[in-house]
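Remarks on the overall topology
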Amino acid sequence: MHSIADPKETENPEYVEGLRAAVCAAIDYGLTGIGGGAGGQPRVPLVLLEQARLAARNGVSLDTVLRRYVAGYTLLGDFLIEETKAEPLPSVALQQAMRDQATLFDRLVAAVTVEHKRESERRSVSVEGRRVERIRRLLAGDILDMSELA
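Residues numbered from 1 in each chain as written. Predicted model: local features only at pLDDT ≥ 70, side-chain atom pairs only at ≥ 80, totals over all residues. Heavy atoms only, no water.

1. Describing the confidence of the model for the chain
Detailed reading of predicted coordinates is not advised where the pLDDT is low. Mean pLDDT over the chain stands at 84; residues scoring 70 or higher make up 84%. The secondary structure element of the chain with the lowest average pLDDT is helix α5 (residues 127-139), at 78, and the one with the highest is helix α2 (residues 46-57), at 94. (pLDDT = per-residue confidence, 0-100. Helix = DSSP H or I, 4+ residues; strand = E, 2+ residues; numbered from the N terminus.)

2. Remarks on the pattern of salt bridges
Using the criterion set out here, one finds nine salt bridges in the structure. Across the salt bridge formed by R53 and E50, the nearest N and O atoms sit 2.8 Å from each other. Here E50 and R53 lie together in helix α2, a separation of three residues that amounts to about one turn. Two residues, R118 and E115, come together in a salt bridge whose shortest N-O distance is 3.0 Å. Of this pair, R118 and E115 both sit in helix α4 (residues 91-123), three residues apart, roughly one helical turn. By relative accessible area, E115 is classed as buried at 11%. Salt bridges linked by common partners bring E50, R53, R57, E115, R118, E119 and R122 together as one network. (Salt bridge = Lys/Arg side-chain N within 4 Å of Asp/Glu carboxyl O. Buried < 20%, exposed > 50% of the residue type's maximum accessible area, 1.4 Å probe, protein only.)

Laid out in structure tokens, this is it:
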């Protein structure tokens, strides 16, 4: 997570502390879903949706949020593979576990994206709010279309 972007990029302690809870919830979500089958997959934890909203409120880009989830998904996949070395599984069972993880990850990315975008749009309702957001993004080094700024 830290290699993607420093969580202290925002000065909001609620956001930074929420990351720890979000990591724990995401790991639990991923592990709970293994072998759950089509009807038994858990819902995306509310703490993850709230953290997506907090990220948007604190100017953490959706790209950064999603890249952190990809990193976690990759580590969880590595963990599953390592565990099968210690206690071998039939390849069919490992494939199913990996498919379950991919399904959960897809649901997670979709839900987090919706929440982040919704909060970002809510924050940028006014023309002035959009202008301030663009200036913040420019100061952060993002490449933007400058035609809207006078």
